[in-house]
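Summary of the model geometry
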Amino acid sequence: MTLTATSFDWVRNLVHKESAIVLQPGKEYLVEARLLPIARQLGIPDVSEFVESVRSRPSPDSTRRIVEALTTNETSWFRDGDPFTAFTSTVLPALLAARGPNERLQIWSAACSSGQEPYTIAMLLEDALPNAASRVSITATDLSREMVERTKAGRFSQLEVNRGLPAPMLVRHFTRAGTEWEVAPNLRRMVTVSECNLAAPLPRMGPFDVVYLRNVLIYFDLPTKRSILSRVRSLMRPDGWLFLGAAETTLGVDDSWERVVIGRSSAYRPLKGA
Amino acid sequence: MRALVIDDSRAMRRIVSSTLENLGFEVNQAGHGGEGLDVLAGGWVPDLVTVDWNMPVMDGLQFVSAVRANPAWRAMTIMMVTSESEHTQIVRALAAGAHEYVIKPFTADALRDKLALLGLLPQEVAL
Amino acid sequence: MSTIDTGQRRRSGDSRPVIPELIDEATIRSIAEDAWIALVGEEEILLPIPGELPDDVLSSWVDVVGPWTGTVVLTTGRQTAAELTRALLGDSAPEPLEPEDVTDAFGEIANVVGGNVKAALPGPSALSLPEVGSAPAVRNPADVCRVDVLWRGEPLTISVQGALPPLPVPHPHENGESL
């Protein structure tokens, strides 16, 4: 059950290419410890066999899972807080002014992972709007069934809530559940979770006023990036807002978007007539 | 920026201090709340205090209350760093005047994220 | 307010829970794993494999006093406790290590594990300061939940054990003053 040198090198190159993180030789045991749970979930008993299967048929899902397993311990809630600051300072007021009082705002967290992003948005809305649950709905999707289940459960470990979640928000919106923390029911009611593969035709959803699509495009090649952006755009309102990861942009990929700088963050809006 | 690290465990003081020093803080240490108040009364007033809860002589909650009772120390940001992790305990600490709360065990990243929330990162830190 | 606890009040008609009804081994193991990853090192894995403790062991523990009252005890070989201390202190580990360094670091790990065990139990509860030495005796074998792990190949046990008859109870008041 040892990781072969070829498998290790392939993982090393992948992680370096996608995250700029260098796995030094000698970290084979780390690769094994982190990838073994993923391999076992797929019914593959051996890490090398798992890596070889991904190497022979790479898919964005499996490469993303490998990179995430090796680069992130926990997702931070507000570490990259700029897209959320932009949401409360600019995007939400603009949308509330543009929509009628009975129009429900629709927000999409398109790669929700274990759920930090949709629940962050829900907390911000709950703190900013009276009757938030009746005025907004949040759709959270992820490619991975495991992540969908985790988001639905709305439970986070001690280490996860320690990562960039302000303590006043923790005590206001979470309760203890054994060693974990559980998101309050009113926030969970705001969020609908389902599986969704961004690289395939999308189900009928939306139209969305705001889309968070952060740290997803980096895993795809240029034509796929372009088609994802086009599919996302088709599910957005014409005056909607798209947030990408800090290292991502539509520039040079899809010119039917307008980049808007909001504070230290940027949002993208569909260009009229494009 | 200056930080005062209060914990009865020397090991924990070292862990917190070295994380803060790596972020550019000038760090002073104290072994319990009373020693912490002595440091402040001596005129060494930090931007940030990290304070454990359970300590001999004077615990963290008493320390927070004492600091909040003195208007001269109002600008100081207080962050509890403790293994006390019941919901009611966190509420008590915030009500007493702590700004943030980090539950042990924590990683250096967790501490850094909290400082970023508080606007207390002294320098731009590469991730 | 009289808070002298003679034990009488509790014994009359109350059925205090025993620890296996409140927490399971997997929970204790995950608490310990998180503590190791955060404090000892990101790559420090606790293997859920029992091993035989050496003759020369050291324990560190904290008392939990509340709806369930007892002790969270970590026990490992004295050498392993020293290695754990070095891992915890990293570059700032003094050479040679003094016994106080081990007492301090090993005690702090008991504090971190104990605090999180406490939070998983019905509350409110008070947590004592950590102690280090020979483990307190098991008072009621039915009121114990124990986890055996290997850290860097060396055995370590984490035992959450009830205190019957009750331990002396510290009474934390709302303002935090202790008696």
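Residues numbered from 1 in each chain as written. Chains lettered and ligands numbered in written order. Predicted model: local features only at pLDDT ≥ 70, side-chain atom pairs only at ≥ 80, totals over all residues. Heavy atoms only, no water.

A short note on the overall build of chain B
For chain B, the helix and strand inventory stands at 5 helices and 5 strands. From first element to last, N terminus to C terminus, chain B shows the α and β order β-α-β-α-β-α-β-α-β-α. The C-alpha atoms of chain B give a radius of gyration of 13 Å, which matches the 14 Å a tight globule of 127 residues would have. If one aligns the C-alpha atoms of chain B with their principal axes, the spans along those axes are about 35 × 35 × 25 Å. By the burial criterion, 59% of the 127 residues in chain B qualify as buried. Counted over contacts in chain B with a minimum sequence separation of 6, partners at least 24 positions apart contribute 61%. Here chain B displays about 4,600 Å² of accessible surface, and carbon together with sulfur accounts for 49% of that area. Taken together, the 10 basic and 15 acidic charged side chains of chain B have centroids lying 2 Å from each other. (Helix = DSSP H or I, 4+ residues; strand = E, 2+ residues; numbered from the N terminus. Rg over C-alpha atoms; globule rule 2.2 N^0.38 Å. Buried < 20%, exposed > 50% of the residue type's maximum accessible area, 1.4 Å probe, protein only. Contact = heavy atoms within 4.5 Å. Areas by Shrake-Rupley, 256 points an atom, 1.4 Å probe, with all protein chains shown as cover. Lys, Arg positive; Asp, Glu negative; His and termini not counted. Charge placed at Lys NZ, Arg CZ, Asp CG, Glu CD.)

Some remarks on the packing of aromatic side chains
Residue and element names in this part refer to chain A. Evaluation of the coordinates by the stated rule reveals 9 aromatic pairs over all chains. Both rings, one in Phe-78 and one in Phe-84, keep their centres 5.6 Å apart while their planes meet at 70°; by these two values the pair is edge-to-face. An identical accessibility class is assigned to Phe-78 and Phe-84; each is buried. Pairing Phe-87 with Tyr-212 gives two aromatic rings, centres 6.4 Å apart and planes at 65°, and the pair type is edge-to-face. Pair noted here: Phe-87 is in helix α5 (residues 82-98) and Tyr-212 is in strand β7 (residues 208-213), with a separation of 125 residues, a long-range link. Pair check on accessibility: Phe-87 and Tyr-212 agree, each one buried. By the ring-pair criterion, three or more aromatic residues cluster together here, those being Phe-78, Phe-84, Phe-87, Tyr-212 and Phe-243. Sitting over the ring of Trp-241, Arg-269 keeps its end group 3.6 Å from the ring centre. (Phe/Tyr/Trp six-rings, centres within 6.5 Å; stacked < 30°, edge-to-face > 60°. Lys NZ or Arg CZ within 6 Å of the ring centre and 35° of its normal.)

Topic: empty space enclosed by the protein
All names here are of chain A. Summed over the entire model, instances satisfying the criterion amount to 1 cavity of 30 Å³ or more. Empty space within the largest cavity amounts to approximately 110 Å³. Together, 13 residues line the largest cavity, and Arg-64, Leu-143, Leu-198, Val-216 and Phe-220 are the ones closest to its centre. When its residues are assigned to classes, the lining of the largest cavity shows 9 nonpolar, 1 polar and 3 charged. (1 Å grid on protein atoms, 1.4 Å probe; cavity = no way out; pocket = protein on both sides within 12 Å on 5 of 7 lines; lining within 4 Å. Points joined across faces, edges and corners; volume = space filled by probe spheres on them. Nonpolar A, V, L, I, M, F, W, Y, C, P; charged D, E, K, R; others polar.)

Side note on the interface of chain B and chain A
Every contact between the two is made by 20 residues of chain B and, on the other side, 19 residues of chain A. Across the contact surface, chain B and chain A share 1 salt bridge. The partner of B:Asp113 in a salt bridge is A:Arg163, and the shortest N-O contact between them spans 2.8 Å. Residue assignment for the side of chain B that touches chain A shows that the elements contributing at least two residues are α4 (87-96), β5 (100-103) and α5 (108-117) of chain B. Here the side of chain B that touches chain A is built from residues that sort into 11 nonpolar, 4 polar and 5 charged. (Salt bridge = Lys/Arg side-chain N within 4 Å of Asp/Glu carboxyl O.)

What to know about the pairing of strand β1 (residues 105-109) of chain A
All names here are of chain A. The buried fraction of β1 is high, at 5 of 5 residues. Covered by surrounding structure in β1 are Leu-105, Ile-107 and Ser-109 together with Gln-106 and Trp-108, the residues of both alternating faces. The pairing of β1 with strand β2 (residues 136-142) spans 5 bridges and is classified as parallel. Residue pairing across strands places Trp-108 opposite Thr-139, the latter belonging to β2. Relative to β7, β1 is paired through 3 bridges, and the arrangement is parallel. (Pairing = 2+ DSSP bridges.)

A few points about the pattern of salt bridges
Residues and elements named next belong to chain A. Enumeration according to the criterion identifies 32 salt bridges over all chains in this entry. A salt bridge links Asp-239 to Arg-99; the nearest nitrogen and oxygen atoms lie 2.8 Å apart. Of this pair, Asp-239 sits in strand β8 (residues 236-244) while Arg-99 is found in the loop between α5 and β1, placing the two residues 140 residues apart along the sequence. With its nearest N and O atoms 3.0 Å apart, the salt bridge here joins Arg-155 to Glu-182. Placement of Arg-155 in strand β3 (residues 155-156) and of Glu-182 in strand β5 (residues 180-183) is noted, with a sequence separation of 27 residues between them. Note on Arg-155: relative accessible area 32%, which makes it partly exposed. One connected set of salt bridges, linked through shared partners, spans Arg-99, Glu-103, Asp-209, Arg-237 and Asp-239.

Re the sheet that holds strand β3 (residues 48-51) of chain B
Residue and element names in this part refer to chain B. An order of β2-β1-β3-β4-β5 is seen for the 5 strands of this open sheet, with the pairing classed as parallel. Both edges of this open sheet fall to β2 (26-30) and β5, since each of them pairs with a single strand only. Averaged over all pairs of adjacent strands, the angle between strand axes in this sheet comes to 20°, irrespective of strand direction. Of the strands in this sheet, β1 (2-6), β2 and β3 are in contact with helix α1 (residues 10-22), which crosses β2 at around 165°. (Axes fitted to C-alpha atoms, helices over the stretch in contact; angles between N-to-C directions.)

With respect to the environment of B:Trp53
Residue and element names in this part refer to chain B. Position of Trp-53 relative to the elements: it lies in the loop between β3 and α3 (60-68). On the accessibility criterion, Trp-53 (5% relative accessible area) is buried. Along the chain, Trp-53 and Val-64 lie 11 residues apart, while their C-alpha atoms are 9.7 Å from each other. Here Trp-53 is in contact with Asp-59, Gly-60, Leu-61, Met-80, Val-81, Thr-82, Glu-84, Gln-89, Arg-92, Ala-93 and Tyr-101, once residues within four sequence places are set aside.

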